[in-house]
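Residues per chain, in single letters:
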Amino acid sequence: MRKYNVIMAFSMLTCLVISVLLYVLCRYDENEEDMGYKVEINRIMAGLEEAGAFSEPDLRNMVYVKGVYFLPQKPAAGVEPETVQELTAGAEPEAVQDIESFYRNHNGLHSTVQPLAPGGKLTGYVRFDYTAGTGNRRILWTAEGLLFFFWLMIFGLLWYVRQKVIRPFHVISEMPYELSKGNLSVEPEEDGSRFFGRFLWGIGMLRDALKAARSRTMELEKEKKLLLLSISHDIKIPLSAVKLYAKALQENMYDTEEQRRYAARQIGSHAGEIENFVKEIVSTASEDIFDIEVAEGEFYLQDYVEKVRRFYVPKCRLVMTELATGAYENKILKGDMNRAFEVMGNLMENALKYGDGRKISLSFYEEDFCQVIEVFNTGETVTAQELPHLFDSFYRGSNARGREGSGLGLAVSRRIMQRMEGDIFARREADGMCFGLVFRLG
């Protein structure tokens, strides 16, 4: 906020300085122009007095003087007229008409009248029509006005941004930080701003999702502890029996072969019980991991592809990887758009992580009333023996050595696609790996 206030002050100061400079230029130009037309009139008058009589002057090189007119009539000897009435006193009607025409304003120009008296003898009066040279000054004053209007617009815009964007954002900027610390009690303030309506809605949804995740985690932890306590209690009985029979066999407490076989069968039976308990633990843990909610709905293939390209084209460009998209027809697919993008994200991230960085391509085709989207990346492939296990939980292929990962991405992707009544598959190619997504058509 402080830096933004500095920007506002700097903008205002800049506009003020430019306004002052334009004002100074206007005043300077006004003085220069006022002297300009006087110089031209004096030059013409000097030429006429030197000629001793009036002759039409050449105005082609004149900037300010636009017309020169001569009135040869003169008043009574020794009288200098100050008004048109004085000049026309006692004159003939035709002369009066000429005098009035001589003094009439023409075309809105400025005018001045000077006596022509070569050698001290008055021969008439010369009228000069001229412009005050306000063209440049008018432009400068117009620029001054526009600059002031522009300054008002800039100041209003900056003030609007400050009040409607910067200040509300400054208020809500602490919310993500508080959420990251686990403070889920913060509430997004409703300020009615249309700029942050979707952002505040997203923050609210994120907070609710974090609350639900925390509540679910606590429930799972509670259930897990209860399960472990229950299984640990139940497993003690068969484990004790196994230990007992094993010790009896070790110490040769059975006299007959039949008794020893019976003890061995009991050990195997109780070991099977322990194995079932272990399977129950693994199954429960897997259910916790893949407790994924998928919304039922439909979305357009074009929207899906554009979302993928909008996110991954810049990312591929940064790592100098070509991302090619094949031709496709816009169709309606069944499923959850966000979950489908999550699956595509897993495939794209794997392509960037395990590929050689040369090329990633998306291809599309329809098969058995389903839309298939294949993601191919060049690079090292998995072995034929590893291919069937790629979608198993915590499984990582040989090409993942030395790279970070949990081995859950493809397993989660398969569960999501199955929840959307679709499927996912993998195929080894000659120069890379190919993963396919199968969506039901809407």
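The coordinates are above.
Residues numbered from 1 in each chain as written. Predicted model: local features only at pLDDT ≥ 70, side-chain atom pairs only at ≥ 80, totals over all residues. Heavy atoms only, no water.

Chemist: I keep staring at the overall build of the protein chain and nothing clicks. Help me out?
Modeler: Scanning the protein chain for helices and strands turns up 10 helices and 10 strands. Looking at the protein chain as a whole, 32% of its 442 residues are labelled buried. Restricting the contact set of the protein chain to residue pairs at least 6 apart, pairs at least 24 apart contribute 67%. A total accessible area of about 28,100 Å² is found for the protein chain, and carbon and sulfur atoms account for 56% of it. (Helix = DSSP H or I, 4+ residues; strand = E, 2+ residues; numbered from the N terminus. Buried < 20%, exposed > 50% of the residue type's maximum accessible area, 1.4 Å probe, protein only. Contact = heavy atoms within 4.5 Å. Areas by Shrake-Rupley, 256 points an atom, 1.4 Å probe, with all protein chains shown as cover.)

Chemist: For this particular structure, what's the right way to read helix α9 (residues 337–354)?
Modeler: Residues spaced three or four apart along an α-helix point in a common direction, a consequence of the helix completing one turn every 3.6 residues. In this model, α9 (18 residues) spans 26 Å end to end at C-alpha, consistent with the 26 Å of a helix rising 1.5 Å per residue. Considered for burial, the residues of α9 that qualify are Ala340, Phe341, Val343, Met344, Gly345, Leu347, Met348, Asn350, Ala351 and Tyr354. The backbone nitrogen of Asn338 has a side-chain oxygen 3.1 Å away, supplied by the residue at the start of α9, namely Asp336. (Expected span 1.5 Å × (residues − 1). Polar contact = N/O pair within 3.5 Å; in protein donor to acceptor, adjacent residues only side chain to side chain.)

Chemist: Sorry, what's going on with the sheet that holds strand β1 (residues 65–71) here?
Modeler: Strand pairing in a sheet relies on backbone hydrogen bonds. The paired strands run either parallel or antiparallel. Here 3 strands make up an open sheet; going across it, the order is β1-β3-β2 and the pairing antiparallel. Each having just a single partner strand, β1 and β2 (110–116) make up the two edges of the open sheet. Neighbour-to-neighbour, the strand axes of this sheet turn through a mean angle of 20°, independent of strand direction. Here β2 pairs with strand β3 (residues 124–130) via 7 bridges, running antiparallel. Paired with Val113 across the bridge in β3 is Arg127. (Pairing = 2+ DSSP bridges. Axes fitted to C-alpha atoms, helices over the stretch in contact; angles between N-to-C directions.)

Chemist: Would you take a moment to explain the packing of helix α8 (residues 301–318) against α9 for this structure?
Modeler: When two helices pack together, their arrangement is given by the angle between the helix axes and the distance between those axes. Remark: α8 packs on α9, axes separated minimally by 11 Å, with the N-to-C direction vectors making an angle of 30°. The hand of the α8/α9 crossing is right-handed. Of the residues in α9, those in contact with Asp303, Tyr304, Lys307, Val308, Phe311, Tyr312, Lys315 and Cys316 of α8 are Met337, Asn338, Ala340, Phe341, Met344, Gly345, Met348, Glu349 and Leu352. Residues of the contact of α8 with α9, tallied by class, amount to 11 nonpolar, 2 polar and 4 charged. (Left-handed = near helix turned anticlockwise from the far one by under 90°. Nonpolar A, V, L, I, M, F, W, Y, C, P; charged D, E, K, R; others polar.)

Chemist: Explanation requested: the packing of α9 against helix α10 (residues 409–419) in the structure shown.
Modeler: Two elements in contact, α9 and α10, have axes separated by 10 Å at closest approach and are oriented at 150°. Relative to α10, the element α9 lies roughly antiparallel. Our pair here, α9 against α10, has a crossing hand that is left-handed. Judged by residue contacts, Arg339, Glu342, Val343, Asn346, Leu347 and Asn350 of α9 engage Gly409, Leu410, Val412, Ser413, Ile416 and Met417 from α10. In the contact of α9 with α10, the residues fall into 6 nonpolar, 4 polar and 2 charged. (Parallel < 35°, antiparallel > 145°, perpendicular 65-115°, else oblique.)

Chemist: I'm lost on the nonpolar core in this one. Help?
Modeler: The nonpolar side chains of a soluble globular protein tend to be buried, and buried together. By size, the foremost hydrophobic cluster in this structure holds 38 residues, and its most contacted members are Tyr304, Met344, Met348, Leu390, Phe435, Leu437 and Phe439. Going through the elements one at a time, α8, α9, β7 (359–367), β8 (370–378), α10, β9 (423–428) and β10 (432–440) are the ones with two or more residues in this core. If sequence neighbours within four positions are ignored, Tyr304 has contacts with Phe299, Met337, Ala340, Phe341, Met344, Ile373, Leu437 and Phe439. In terms of nonpolar packing, the next biggest core, distinct from the first, is built from 13 residues, Tyr64, Val65, Val68 and Tyr130 among them. (Core = buried A, V, L, I, M, F, W, Y, C linked by side-chain atoms within 4.5 Å.)

Chemist: What is the right way to look at the packing of aromatic side chains in this model?
Modeler: To describe a pair of aromatic rings, you give the distance between the ring centres and the angle between the ring planes. Under the criterion given, the structure shown has 10 aromatic pairs. For the ring pair Tyr245 and Tyr262, a centre distance of 6.4 Å and an interplane angle of 80° mean the geometry is edge-to-face. In this pair, Tyr245 is assigned in helix α6 (residues 197–250) and Tyr262 in helix α7 (residues 257–289), connecting sequence segments 17 residues apart. Pairwise contacts between aromatic rings join Phe299, Tyr304 and Phe439 into one cluster. (Phe/Tyr/Trp six-rings, centres within 6.5 Å; stacked < 30°, edge-to-face > 60°.)

Chemist: Is there a simple way to think about the pattern of salt bridges in this case?
Modeler: Once their charged atoms are close, side chains differing in charge can pair, the charge on each being opposite to the other. On inspection of all chains with the given rule, the structure shows 12 salt bridges. The shortest N-O distance in the salt bridge between Glu257 and Arg260 comes to 3.0 Å. Linking Glu257 with Arg260, this pair stays in helix α7, spanning 3 residues, or about one helical turn. Note on Glu257: relative accessible area 43%, which makes it partly exposed. The exposure class of Arg260 is partly exposed, given its relative accessible area of 31%. (Salt bridge = Lys/Arg side-chain N within 4 Å of Asp/Glu carboxyl O.)

Chemist: Just checking my understanding: could you explain the sheet that holds β9 for this structure?
Modeler: Here we have 5 strands laid out as an open sheet, ordered β5-β7-β8-β10-β9, and mixed in their pairing. If you trace the sheet from one side to the other, it starts and ends with β5 (322–325) and β9, each paired once. Put simply, the sheet's adjacent strands are angled 20° from each other on average, direction ignored. Where β8 and β10 come together, 9 bridges link them in antiparallel fashion. When the bridges of β10 are listed, Cys370 appears paired with Arg440.

Chemist: Which parts of the structure should I look at to understand the environment of Lys38?
Modeler: With respect to the helices, strands and loops of the structure, Lys38 is situated in helix α1 (residues 2–51). It is 8.9 Å that separates the C-alpha atoms of Lys38 and Tyr64, two residues lying 26 residues apart in sequence.

Chemist: What exactly am I supposed to notice about α8 here?
Modeler: An ideal rise of 1.5 Å per residue puts 26 Å on 18 residues; α8 measures up with 26 Å between its terminal C-alpha atoms. At Tyr312, α8 is deflected by roughly 35°, the largest bend along its length, and proline Pro314 occurs up to four residues later in sequence. By the burial criterion, the buried members of α8 are Leu301, Tyr304, Val305, Val308, Tyr312, Val313 and Cys316. (Bend = angle between axes of the 7 residues up to and from the residue.)

Function-wise, these values are silent; they only describe arrangement.
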